[in-house]
Amino acid sequence: MNDKKPNGSKAKKKALAISIVVIVVSSLLASFISHDFGKVEVKTVRFDGSHGAILDATLYTPFGVSPDDQIPAIVTTHGAGVSKGVTAGFAEELARRGFVVLNISRYGSGASEVPESTGDDGSTGVFDGVEYLRTLDYVDKTRIGITGHSAGGGAVSAAAVVDGNYFTLNDMMINVLYDTFGQEFTKDEITMDADTLAAERLSADQMAWYNDLKVEAQEYISTRINAVLILGRADEKFFGPKTVTVGGYEVTRMPVANGGYLNGTFNEGSANTAAFMMARDEYKAIFQTDEIAVDMWYVPGSFDETDIPISTILGNVWDISITSNEALADAIAERKIMIFFTPADNHSQNFISAETTTDIVKFFEQTLSYNNGELTDPSTKTVDPNSIIFLYREALNGVAMIGMVAALVALAAILIDTPYFKEVKFEVGKPLSDKKSWIFWVMTILIMAAASWSMCTVGNKGMSLGKVTDFLPLANCVWQYIFYVIFVAVAIVIVVALYVLYVKFVKKEDIGFLKDFNVTMKFKAFAKTALLAYVLFLLAYLSVTILLYVFNEDYRFWMAVFTNMNLPGFTLMLRYCLVIFLPMVIYAIFVNFGRIKGMAEGPNTALTVVLSAAPLWITAFISYMPFYTGMTAMPLATLISAWPLLLVVPITAFINVKMYKYSGSVWLGALVNTLLIAWMLCSSTATSLYSNGSFLLKWFGL
């Protein structure tokens with residue numbers, strides 16, 4: 001016995017060391033990719049938004065940039081229920097092409113604060129990001145682009161409205177003559193050359209003033225947002241024809257900006273598919289065509305107030321370039337180009353899609369005339385838009401996340417063996433299930449069916465079932481996670497209760513699984529178990545803080561993410577722990593109830609993890625494969641915000657099994673999982689909680 005304990009302790013420390021090495025090496029390699037192997041500088045920036053709150057963003061700049069440089073810049077942003085990490089791939093690939101990129105978490109998302117009022121512009125921080133870029137000496141103010149996904153696409157559209165312009169330079173100068181110099185015009189005259197009219201009507205002094213105002217107008221137009229790409233939705237708020245006043249007359253104008261839409265072919269919801277949107281009259285009016293073709297450059301015509309103009313199609317984005325097509329170069333220079341992309345993706349797949357990212361890169365390459373240098377410079381060696389490498393970084397971040405989970409398990413095993421936490425350790429009960437027992441498999445199938453049903457329910461109705469409150473202010477999509485764990489917990493309680501009744505009244509046997517799992521324990525033991533769980537969480541949070549500081553990397557894969565939080569995030573964690581904790585305890589009991597007699601630990605753990613995750617994986621496959629093959633118009637379970645469950649659920653099952661193995665109690669696994677899930681939700685999801693005020697006020701949501 002004495003010989004085995006040191007060896008066991010040594011094995012645990014070795015497991016911890018290996019896990020730490022996995023985290024560090026994966027994050028280091030991920031950092032190489034994020035920094036394009038030293039060509040791009042990546043840093044976190046925090047700046048005051050226009051509404052009295054701090055915005056959190058990542059700034060990508062070419063290494064060695066100087067104030068004398070004039071580099072095109074792009075703001076990228078995310079949609080609802082996520083933060084800047086999901087659009088990091090877009091930002092990295094644009095930065096690889098030499099762009100300055102500001103990837104922001106919009107107000108209330110991630111580590112960005114929530115202002116007392118966001119005003120009514122609807123840009124939720126995107127316009128603030130544009131204004132921040134304009135403060136950087138090395139940014140070319142005439143070539144700033146913006147792009148955002150889903151709700152972020154709406155914010156991008158709103159920012160374009162705030163900053164945008166529906167007036168040509170001639171329109172503006174006609175208005176100068178009308179408003180400043182009191183000139184009157186016929187409706188035909190407002191289409192005439194303003195400079196000619198000014199020369200005919202103004203004195204020499206007035207003409208000098210007019211010319212000064214023209215310089216100001218030219219600078220204003222040239223420094224408005226140049227290119228706007230809306231992802232995952234089609235929003236006509238900015239790009240649609242608009243009635244404006246020129247020379248005292250109402251006229252119709254298109255926005256002076258290069259624009260595009262990107263919507264996945266399999267974007268969930270019939271009203272959200274690219275095909276549906278392209279068929280709508282609103283978008284046909286934007287593109288001025290009877291039928292919108294994908295990947296084609298459109299040049300909308302000018303309204304003459306008698307006939308609706310018909311656009312000109314210049315060619316396919318993949319066949320022509322501004323370097324070889326003068327008409328395209330002129331249209332882009334005049335900020336008149338439009339395009340519609342339709343990658344073969346679903347809504348959330350855009351985040352992790354090479355095809356979507358390639359389309360984004362191509363759009364900005366052409367509209368901002370840049371790719372690793374000026375496109376018009378014959379010496380520029382462009383980076384192929386099809387060369388997408390951020391997915392390797394994404395995978396490495398996922399490996400680091402798995403390493404973090406393994407490190408927590410190893411660390412828990414080490415700490416439990418210390419004298420201080422001796423009260424936390426109990427005798428592990430014998431496995432209660434038998435792989436040949438029909439009742440075990442009936443219970444398992446019932447729970448799996450309930451989990452699958454829950455997946456469909458939360459996927460399709462989870463956001464509408466939940467309610468954002470002052471106490472629980474996270475975005476509605478969070479309720480998809482919460483309702484899933486609640487529904488599954490209720491199903492577990494019902495199935496286990498039926499099992500207990502069967503054993504007690506049919507088999508006439510006593511069952512004491514609560515005792516086997518050490519659900520009942522003294523308060524001191526529970527307090528130390530809770531303390532140990534919190535210590536493990538703090539160490540995990542410390543590790544991601546170090547990773548962000550050293551490598552600017554965190555723990556994530558796709559939409560499952562553990563990253564840094566601001567102060568309200570920590571207070572929110574405590575509140576959401578209250579909601580999540582009881583379902584996590586029930587889940588921990590059932591997971592360990594499934595331990596099989598006579599099966600080795602490795603296969604036992606693997607079986608438990610697979611059975612926990614199988615209903616999610618199967619449901620996702622059954623839902624989306626017919627959708628992707630055109631057999632159905634909608635997935636059975638719409639998993640727009642619920643995709644992280646496919647990774648989080650097997651992780652929580654693994655933690656439950658391992659924590660029970662080392663502690664002999666289900667409490668430790670339940671507590672650790674509660675903290676991890678609350679951390680995941682509160683570090684990467686939007687909140688409506690106003691950020692200022694004391695810790696106590698934040699706790700109560702005041």
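We now turn to the structure provided with this report.

1. Quick look at the packing of aromatic side chains
In this description, an aromatic ring pair is defined by two values, namely the gap between the centres and the angle between the planes. Tallying each qualifying case throughout the model produces 34 aromatic pairs. On the basis of an interplanar angle of 40° and a centroid distance of 6.1 Å, the ring pair of Phe287 and Phe340 is categorised as tilted. Within this pair, whereas Phe287 is found in helix α10 (residues 281-287), its partner Phe340 is found in strand β12 (residues 338-341), the two being separated by 53 residues in sequence. Plain terms: the ring middles of Tyr420 and Phe421 are 5.0 Å apart, the flat faces sit at 90° to each other, and that makes the pair edge-to-face. Phe421 gets classed as buried once you look at its relative accessible area, which sits at 8%. Of the aromatic side chains, those joined through ring pairs into one cluster are Tyr166, Phe238, Phe239, Tyr261, Tyr283, Phe287, Tyr298 and Phe340. For Lys528, the ring lying beneath its charged end belongs to Tyr420, and the centroid distance is 3.8 Å. The cationic tip of Arg575 hangs over the ring face of Phe471; the distance from NZ or CZ to the ring centre is 5.2 Å.

2. Quick notes on the pairing of strand β4 (residues 100-105)
In terms of burial, β4 is a largely internal element, six of the six residues being buried. On β4, burial covers both faces: Val100, Leu102 and Ile104 on one face and Val101, Asn103 and Ser105 on the other are all buried. In the sheet, strand β2 (residues 54-62) pairs with β4 via five bridges, with the strands oriented antiparallel. Paired with Thr58 across the bridge in β4 is Asn103. Pairing of strand β3 (residues 71-77) with β4, which is carried by five bridges, proceeds in the parallel orientation. Pairing of Val75 across the sheet is with Leu102, part of β4. Since β3 and β4 lie parallel, the crossover through helix α2 (residues 88-96) that links them has a hand, and here it is right-handed.

3. Regarding the pairing of strand β9 (residues 258-262)
The side chains of a regular strand alternate between both faces of the sheet. Where burial is concerned, most of β9 is hidden: five out of the five residues are buried. For strand β6 (residues 227-231) and β9, the ladder comprises five bridges, and the chain directions are parallel. Residue Ala227 lies in a different strand from β9, and its bridge partner there is Asn258. Both β9 and β12 contribute to a ladder of four bridges, which runs parallel. Following the sheet pairing, Gly259 is matched in β12 by Met338.

4. Some details on the environment of Gly85
Considering the arrangement of structural elements, one finds Gly85 in the loop between β3 and α2. On the basis of relative accessible area, Gly85 is assigned to the buried category, the value being 8%. In the structure, Gly85 is positioned 469 residues away from Asp554 in sequence and 9.0 Å away in space, judged by C-alpha atoms.

5. Thoughts on helix α3 (residues 126-133)
Judged by how many residues are buried, α3 sits mostly within the fold: seven of eight residues are covered. Regarding α3, the residues found buried are Val126, Phe127, Asp128, Gly129, Val130, Tyr132 and Leu133. In this structure, the buried side of α3 is in contact with β1 (40-48), β2, β3, β4, β5 (139-149) and α4 (151-163).

6. Details of the pattern of salt bridges
Scanning all chains against the criterion turns up 25 salt bridges. Where Lys214 meets Asp195, a salt bridge forms, and the shortest distance between an N and an O atom there is 2.4 Å. Separated by 19 residues along the polypeptide, Lys214 in helix α7 (residues 204-222) and Asp195 in helix α6 (residues 194-201) bring together distant segments of the chain. One network of salt bridges, in which partners are shared, links Asp36, Glu93, Arg96 and Arg97.

7. Quick look at the packing of helix α13 (residues 390-416) against helix α20 (residues 645-663)
Two elements in contact, α13 and α20, have axes separated by 10 Å at closest approach and are oriented at 15°. Judged by the angle between their axes, α13 and α20 are roughly parallel. Along this stretch, α13 crosses α20, giving a crossing that reads as right-handed. Contacts between α13 and α20 involve Met401, Ile402, Val405, Leu408, Val409, Ala412, Ala413 and Ile416 on the former and, on the latter, Leu647, Ile651, Phe654, Ile655, Lys658, Met659, Tyr662 and Ser663. Taken together, the residues that form the contact of α13 with α20 break down as 14 nonpolar, one polar and one charged.

8. Topic: the packing of helix α5 (residues 169-179) against α7
Running from N to C, α5 and α7 point in directions that differ by 140°, and their axes come no closer than 10 Å. The two elements α5 and α7 cross, and the hand of that crossing is right-handed. Note on element contacts: α7 touches α5 through Tyr210, Leu213, Lys214, Ala217, Gln218, Tyr220 and Ile221, opposite Leu169, Met172, Met173, Val176 and Leu177. Classifying every residue of the contact of α5 with α7 gives ten nonpolar, one polar and one charged.

9. Some remarks on a nonpolar patch on the surface
A cluster of nonpolar side chains, contributed by Val21, Val25, Leu28, Leu29, Phe32 and Phe37, occupies part of the molecular surface with about 520 Å² of accessible area. Tracing the backbone through its elements, the reader meets Val25 in helix α1 (residues 4-34). Classification of Val25 by relative accessible area gives partly exposed; the value is 42%.

Scoring rules and cut-offs
Residues numbered from 1 in each chain as written. Predicted model: local features only at pLDDT ≥ 70, side-chain atom pairs only at ≥ 80, totals over all residues. Heavy atoms only, no water. Phe/Tyr/Trp six-rings, centres within 6.5 Å; stacked < 30°, edge-to-face > 60°. Helix = DSSP H or I, 4+ residues; strand = E, 2+ residues; numbered from the N terminus. Buried < 20%, exposed > 50% of the residue type's maximum accessible area, 1.4 Å probe, protein only. Lys NZ or Arg CZ within 6 Å of the ring centre and 35° of its normal. Pairing = 2+ DSSP bridges. Right-handed = clockwise from strand over helix to strand, strands pointing away. Contact = heavy atoms within 4.5 Å. Salt bridge = Lys/Arg side-chain N within 4 Å of Asp/Glu carboxyl O. Axes fitted to C-alpha atoms, helices over the stretch in contact; angles between N-to-C directions. Parallel < 35°, antiparallel > 145°, perpendicular 65-115°, else oblique. Left-handed = near helix turned anticlockwise from the far one by under 90°. Nonpolar A, V, L, I, M, F, W, Y, C, P; charged D, E, K, R; others polar. Patch = residues over 30% accessible without salt bridge, like charges linked within 9 Å, V, L, I, M, F, W, Y side chains within 5 Å. Areas by Shrake-Rupley, 256 points an atom, 1.4 Å probe, with all protein chains shown as cover.

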